[in-house]
Protein chains: 2
Amino acid sequence: MARRAAIVGAGHTRFGVLDEGPRALLRSAVDGAFSSVDRGVERSSVDEVFLATLGFGGWQIGNSSAVLTEEAGLEGPPTTRIENACASGGFALRAAVRAVEHGDAGLALVAGLEKMTDVSNARRRYWLGVSGDTEWERLAGLTFAGVYGLIASEYLHRYPQGREALAEVAVKNHANGLKNPNAQFRKRVTREDVFRAPRVADPLGLYDCCPVSDGAAALLVVPADQAHRYTDTPVYVEGLGAGSDRLAVQERAQLTRFEASRRAGARALADAGRSHREVQFLEVHDCFTIAELLALEDLGFAEPGGAVELTLSGATAAGGRLPVNPDGGLKSKGHPIGATGVSQVYEVFLQLRGQAADRQVPHAETALTHNVGGAGATATVAVFSRG
Amino acid sequence: MARRAAIVGAGHTRFGVLDEGPRALLRSAVDGAFSSVDRGVERSSVDEVFLATLGFGGWQIGNSSAVLTEEAGLEGPPTTRIENACASGGFALRAAVRAVEHGDAGLALVAGLEKMTDVSNARRRYWLGVSGDTEWERLAGLTFAGVYGLIASEYLHRYPQGREALAEVAVKNHANGLKNPNAQFRKRVTREDVFRAPRVADPLGLYDCCPVSDGAAALLVVPADQAHRYTDTPVYVEGLGAGSDRLAVQERAQLTRFEASRRAGARALADAGRSHREVQFLEVHDCFTIAELLALEDLGFAEPGGAVELTLSGATAAGGRLPVNPDGGLKSKGHPIGATGVSQVYEVFLQLRGQAADRQVPHAETALTHNVGGAGATATVAVFSRG
């Protein structure tokens, strides 16, 4: 077990269709992170800043990492925007952990943000679509839902019982989101609801897809050996992993596995010195229900096809052996692109400190987050413990 | 003197209005970097990748750091896009140096890219404009040339002889660009040409402004103690600095200094353990001629107003005491946004290895690069030596 850094503060806005603009969302998440630090912290101590955002067209603001330092009330620290599509947040966390682990920074601020609902559907399709492959997929008319529909088709061809498992992912994550005050959807759905919903990209229906969301999240990261200056209950980052793959799914050997996730997961667990059995709950990138099944397999928590049984057994539900996405996941909490990877760590921060109220995972000591960019072209994994 | 990392390979495309698309530009710069490594290197050894790009509208490709790994022929390494407007390249170098300095990576690839000439003027104005302040500047009609025009007006109000110095920056950098086969403009200009040119944003005329450019550059970065596995003539990165400031110039105490540059410069020299006198030539961010004067002062090579005399004395010209922008600078070499900060290091790589042909700075042993995002909202500085 390694301790590469510690999270000592975390903030989160509501996710959903929000009135607030991007600057207000950033400010709110950052203020939340600072005020969550048990023994307080001076803003002037921040000496490294990272912003994760896709930077949607509707925002119309560039050099956005400097916007973050303005809204955070900071005076001149180094600041960097990191953009790896939907995995931006995970990569920004990785950059911040490395900065403090090696002494390059004493206090790093990481924020993730997206304002998605103030642009037209056409413009949003463009902004989302370019994060997948353009030449072979987008310009041929394939949307993200279409790509994941193809993947799900292939998965169900191999594992026909997967259809029930896909529905169960939606049911479970909506049930979890009911208990998350920041979630975009707080609504129970049944397997029948899922099956009866309009098709989006066969076999995926409306409840198999995450929504379009506004929102922001922020973290304060310090060197592990400094954590107790800020709080008695830090959350340690033990391991990091990242990987990449071809953008176009047709250029990969197999549709139903993401090599980027496999690389990231193996590296993160090795980096942490942890076995799968030691990890007690997961936050995985369920942009579509099929993505949660793939994640369980790519990260090694199930054999190929084994995510079906794992899911249908109830193991991944609240109270199960390996809860997955206790905050509702992208599916019900929402998916403001740049914020998602940061939001996953916010949930880990609450859970490992025992502050997750009625969605608390009992006796949670070790957790893993998994964040994917595009349809698996980039991915990060991080492993956390409560020390 | 510290040795934080070493550059062992560098590649560069021509800068200008080019036929090649973004993927071809990336491939060309990366191939150049690999083939420049004296003792060769396996592409499979690359274990960390950074892409600097503003990501222009005409490109229509997102998750672009995964595009870079594709074009570089790499299989799945971690890859990160870094975007800090015109300072993206400098921040990407900084991330790569830190990754190898601390052993997180053994061989990092950094590439910078912009394809700017395949979009309409209107779209380009938007893409460039959003990197400045939006609320107080862009939406009020102020372009980047307008902001730098205001800064230059204030500078000339304080230091009226500055008008000749601005012209001399253009004359000098065009003379330098004549000797750079990758430069967009290879054309001698005189002070009379500069004064007679059409006004763009008074007092700045056509020859005070850098052009719109396509181009890419790439670097291979390794731990300092591994450098001699690759070449007998590595270029060491001794120090790094970065800083930020408010986006809107009206929110700053003074128009004629960039606090972000001052912070970055002071940190980089301290990090390197170098004094100003030890630095033998500079690559500074001369997006407009006034920016070169500001850089000399902000980096401490001249007192406020002192850049006028330094420039008019010929000290910053080829053969002078402190050559500035021997490659022609943004002014004549061109300014493909994401590529610029990487291109500056390419020049340092050639110069410190004695490979700069007829623009060689004699006996060059130590150099500094300076890269600015927006009108001074973000900045990086790096210090290099030939070991």
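Residues numbered from 1 in each chain as written. Chains lettered and ligands numbered in written order. Predicted model: local features only at pLDDT ≥ 70, side-chain atom pairs only at ≥ 80, totals over all residues.

Take the overall build of chain A next. When helices and strands are tallied, chain A shows 12 helices and 11 strands. For chain A, whose C-alpha radius of gyration is 19 Å, the value lies close to the compact-globule estimate of 21 Å for 387 residues. In terms of overall dimensions, chain A has C-alpha extents of about 55 × 45 × 35 Å along its principal axes. For chain A, the proportion of its 387 residues judged to be buried stands at 65%. Sequence separation of at least 24 residues holds for 78% of the intrachain contacts in chain A that already meet a minimum separation of 6. (Helix = DSSP H or I, 4+ residues; strand = E, 2+ residues; numbered from the N terminus. Rg over C-alpha atoms; globule rule 2.2 N^0.38 Å. Buried ≥ 20, exposed ≤ 12 C-beta atoms within 10 Å, placed from the backbone. Contact = placed C-beta atoms within 7 Å.)

Before going further, it helps to spend a moment on the relation of the copies chain A and chain B. Between the two copies of the chain lies a rotation about an axis combined with a shift along it. Overlaying chain A with chain B gives an RMSD of 0.0 Å, the required rotation being 180 degrees about an axis along which the chain moves by 0.0 Å. Accordingly, the operation relating the two chain copies is best matched by a two-fold axis. Among all residues of chain A, the minimum C-alpha distance to the rotation axis is found for Ile82 of chain A, at 2.4 Å. Interface overlap between copies: 100% of the residues of chain A at the interface are likewise at the interface in chain B, consistent with a symmetric, same-surface contact. (Least-squares fit on C-alpha atoms with pLDDT ≥ 70 in both.)

For the rest of this paragraph, the subject is the pairing of strand S1 (residues 5–12) of chain B. Residues and elements named next belong to chain B. Of all 8 residues that make up S1, 8 are buried, and the element is covered over most of its length. Bridging between S1 and strand S8 (residues 235–244) involves 3 bridges; their strand directions are antiparallel. Opposite Ala6, over in S8, you have Tyr236 as the bridge partner. One ladder, built from 6 bridges, connects S1 with strand S7 (residues 215–222); its direction is antiparallel. When the sheet's bridge partners are listed, Ala10 is paired in S7 with Leu219. (Pairing = 2+ DSSP bridges.)

Taken together, the contact pairs 40 residues of chain A with 40 residues of chain B. Counting only elements with at least two residues in the side of chain A that touches chain B, the list comes to helix H2 (64–71), strand S3 (79–82), helix H3 (88–101), strand S8 (235–244) and helix H8 (259–272) of chain A. When residues in the side of chain A that touches chain B are grouped by element, the largest group, 5 residues, is from H2 of chain A. When the residues that make up the side of chain A that touches chain B are grouped by side-chain class, the tally is 14 nonpolar, 17 polar and 9 charged. (Nonpolar A, V, L, I, M, F, W, Y, C, P; charged D, E, K, R; others polar.)

All names here are of chain B. Within the secondary structure, Ala227 sits in the loop between S7 and S8. Using a count of 21 C-beta atoms within 10 Å as the deciding quantity, one classes Ala227 as buried. Once the C-alpha coordinates of Ala227 and Ile7 are considered, the two residues, 220 residues apart in sequence, prove to be 7.7 Å apart. If sequence neighbours within four positions are ignored, Ala227 has contacts with Ala6, Val8, Val222 and Pro234.

Turning our eyes to something else, we now look at the environment of Gly305 of chain B. Residue and element names in this part refer to chain B. Tracing the chain through its elements places Gly305 in the loop between helix H9 (289–298) and helix H10 (306–312). Linking Gly305 and Leu294, residues 11 residues apart in sequence, is a C-alpha distance of 8.7 Å. Not counting residues up to four positions away in its chain, the partners in contact with Gly305 are Arg158 and Tyr159.

Once that is clear, we can look at the environment of Glu20 of chain B. All names here are of chain B. Inspection of the secondary structure puts Glu20 in the loop between S1 and helix H1 (22–35). Glu20 sits in the partly exposed class, given 16 other C-beta atoms within 10 Å. Sequence spacing of Glu20 and Asp214 is 194 residues, and the spatial spacing of their C-alpha atoms is 8.6 Å.

Of note, the amide linkage connecting Asp202 of chain A to Pro203 of chain A takes the cis form, showing an omega dihedral of 5 degrees. The phi dihedral of His363 of chain A falls on the positive side, at around 55 degrees, and the residue is not glycine. With respect to the element layout, His363 of chain A can be found in the loop between helix H12 (337–352) and strand S10 (366–373). In this structure His363 of chain A comes out as exposed when scored by C-beta crowding, with 7 C-beta atoms within 10 Å. Phi at Ala357 of chain B is positive, roughly 50 degrees, even though this residue is not glycine. Judged by the 10 C-beta atoms lying within 10 Å of it, Ala357 of chain B falls in the exposed class.

The next subject is the pairing of strand S2 (residues 48–52) of chain A. Residues and elements named next belong to chain A. Counting buried positions along S2 yields 5 of 5 residues, so the element is predominantly enclosed. Side chains of S2 alternate between two faces, with Glu48, Phe50 and Ala52 and Val49 and Leu51 buried alike. Sheet topology places S2 next to S3; 4 bridges connect them, and they run parallel. Across the sheet, the residue bridging to Phe50 is Thr80, located in S3.

The description of two packed helices rests on the angle between their axes and on the distance between the axes. All names here are of chain A. At a minimum axis separation of 9 Å, helix H5 (residues 144–158) and helix H9 (residues 289–298) run at an interaxial angle of 60 degrees. As far as their axial angle goes, H9 and H5 are oblique. You can see that H5 and H9 cross each other, and the crossing is left-handed. For the pair H5 and H9, the contacting residues are Tyr148, Ile151, Ala152 and Tyr155 in the first and Ile290, Ala291 and Leu293 in the second. Its residues assigned to classes, the contact of H5 with H9 shows 7 nonpolar, no polar and no charged. (Axes fitted to C-alpha atoms, helices over the stretch in contact; angles between N-to-C directions. Parallel < 35°, antiparallel > 145°, perpendicular 65-115°, else oblique. Left-handed = near helix turned anticlockwise from the far one by under 90°.)

All names here are of chain B. In the contact formed by helix H3 (residues 88–101) and helix H12 (residues 337–352), the axes pass within 6 Å of each other and the chain directions differ by 55 degrees. Considering the angle they form, H3 stands oblique to H12. Contacts from Ser88, Gly89, Gly90, Ala92 and Leu93 in H3 reach Ile337, Gly338, Ala339, Thr340, Gly341, Val342 and Val345 in H12.

Taken as a whole, chain A shows an average pLDDT of 96; of its residues, 99% reach a score of 70 or greater. Here the prediction assigns the complex a pTM of 0.97, and the interface score ipTM is 0.97. (pLDDT = per-residue confidence, 0-100.)

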